Amino acid sequence: QLLEDRQQVNAVVQQAQQDLLAEKGNTITGLLIKSNLPFNFPEFEGSLEEIQQQQYEYYKEHYFDNLELGNPAFLRTPVIDQRIKYYINNLTINQPDSIIKSLDQVLGLLEPSQEAYQYYLSYFLNDYGNSKFIGMDAVYVHLALNYYGQGKAPWISQENLREIVNNAKKVEPILIGKPAPDFTVYREDGSPISLADLDFEYTVLVFWKPDCGHCEKAMPFITEFYEQYKDKGIGLLTICTKTGENYGDCWSAVKEKNMESLVNTGDPENRSRIFSKYYTTSTPKIFILNKEKKIRIKKVPAENLGPVMDAIFKEDGYMADKS
């Protein structure tokens, strides 16, 4: 009896919703009712896992069917923010390519409502520009170059536009998966080392400077990591970011910080433009490159180098013990 009562109530509610939509479909009330209409899934076939996957794909594909995101009225409701963020954060796979695809879809739907489009484009640019998650700078670069850089953010000043686009252009060459920019650096005795000449399964680059407090805390972890992994196909290069008359500070700091066991280098005259290539505005900055010298991961905390390296070994199917 209880089930029948619920079905009757649902039928009454659904009919009332349809009546309101017919009468006030273009009002804010109609928009809100429409946005909360239930999904009617088609029948799917296969195993339970296959059916669940099909349901997820259908739900994601049709998630915005009942939401008129391009309607300016929606920006003043709690619905739009909740639904957009749920779509990005919960329905989208948490990796840059998937997020970029979802953001392009959302921004395309929002574009008819200029105010909503401006708000969310600005919001996501700042959100991914300040993301603490490794690799999400790829999303920032995409939004900066393909929206701001293509004249799709006309509200922004020319000064801020140049800053956003120039910043994205600096970050783009060192996104995860990109070939690491080549360079030549020098040991204390002046002998050169080029990235192209290094032949390791994985190469770790550590950018640091002598007067960096975070670097001082990081170096013991880096030294310990190198001692544990140097016989597992891992090469490690430290690159001091001091140049000119301050370059000598690098070598005194190497001794003070007990870094003599590492392969320490620098570029006293910045001939390779390495610091702009790797955008070393802050230190320490750590990159892990694979055998093909592509950036495998970056911004790894020094204390996590070992666990991160082990995870990469596992993901890549690399048997470190064979080295």
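Predicted model only: the values in this text are computed from it and were never measured.

Trainee: Account for the nonpolar core, naming residues and giving values.
Mentor: L110, Y128, L143, Y148, F183, L205 and Y278 are the most contacted members of the largest nonpolar core, which has 61 residues in total. In this structure F183 touches I193, S194, L195, L205, L237, I239, S272, I274 and Y278, once residues within four positions along its chain are discounted. With 34 residues, the next largest nonpolar core counts M219, I234, I297 and M309 among its residues.

Trainee: So, the state of the cysteines: which residues are in play, and what are the values?
Mentor: In total, this model carries one disulfide according to the counting rule given. Each sulfur in the disulfide pair C240 and C250 lies 2.0 Å from the other. Judged by the sign of its S-S torsion, about -75 degrees, the cystine formed by C240 and C250 is left-handed. Placement of the pair is C240 in strand β4 (residues 234–240) and C250 in helix α10 (residues 248–256), with a sequence separation of 10 residues. When sorted by exposure, C240 lands in the same class as C250, which is buried.

Trainee: Go over the packing of aromatic side chains with me, naming the residues and quoting the values.
Mentor: Summed over the entire model, instances satisfying the criterion amount to 25 aromatic pairs. Aromatic pair Y59 and Y63: ring centres 5.6 Å apart, planes at 80 degrees, arrangement edge-to-face. You can call Y59 partly exposed: its relative accessible area is 24%. Ring geometry for Y63 and Y86: centres 6.3 Å apart, planes at 25 degrees, overall stacked. Of this pair, Y63 sits in the loop between α3 (48–61) and α4 (78–89) while Y86 sits in helix α4, and the two are 23 residues apart along the sequence.

Trainee: Explain α10 to me, and be specific about the residues and the numbers.
Mentor: Along α10, the residues that are buried comprise C250, W251, A253 and V254. Taken end-on, α10 shows its buried residues confined to a sector of 160 degrees, consistent with a single buried face. Those residues of α10 that are buried lie in contact with β1 (184–186), β3 (202–208), β4 and β5 (263–266). Looking one or two residues past α10, N258 carries a phi angle of roughly 55 degrees, positive in sign.

Trainee: Could you give an account of the side chain of S102, with specific residues and numbers?
Mentor: Relative to the helices and strands, S102 is located in helix α5 (residues 96–110). A polar side-chain atom of S102 sits 3.4 Å from a polar atom in the side chain of K60.

Trainee: Tell me about the pairing of β4, and name the residues and values.
Mentor: Buried residues dominate β4, accounting for seven of its seven residues. Burial along β4 is two-sided: I234, L236, T238 and C240 facing one way and G235, L237 and I239 facing the other are all buried. Pairing between β3 and β4: seven bridges, direction parallel. Following the sheet pairing, W208 is matched in β4 by C240. In the sheet, β4 pairs with β5 via four bridges, with the strands oriented parallel. Bridging across to β5, I239 finds its partner in T265. In this region the chain leaves β4, passes through α10 and returns to the parallel neighbour β5; the handedness of that crossover is right-handed.

Thresholds applied
- Residues numbered from 1 in each chain as written.
- Predicted model: local features only at pLDDT ≥ 70, side-chain atom pairs only at ≥ 80, totals over all residues.
- Heavy atoms only, no water.
- Core = buried A, V, L, I, M, F, W, Y, C linked by side-chain atoms within 4.5 Å.
- Buried < 20%, exposed > 50% of the residue type's maximum accessible area, 1.4 Å probe, protein only.
- Contact = heavy atoms within 4.5 Å.
- Disulfide = S-S within 2.5 Å.
- Helix = DSSP H or I, 4+ residues; strand = E, 2+ residues; numbered from the N terminus.
- Phe/Tyr/Trp six-rings, centres within 6.5 Å; stacked < 30°, edge-to-face > 60°.
- Arc of directions from axis to C-beta.
- Polar contact = N/O pair within 3.5 Å; in protein donor to acceptor, adjacent residues only side chain to side chain.
- Pairing = 2+ DSSP bridges.
- Right-handed = clockwise from strand over helix to strand, strands pointing away.

Purely spatial values, then, with no claim about function.
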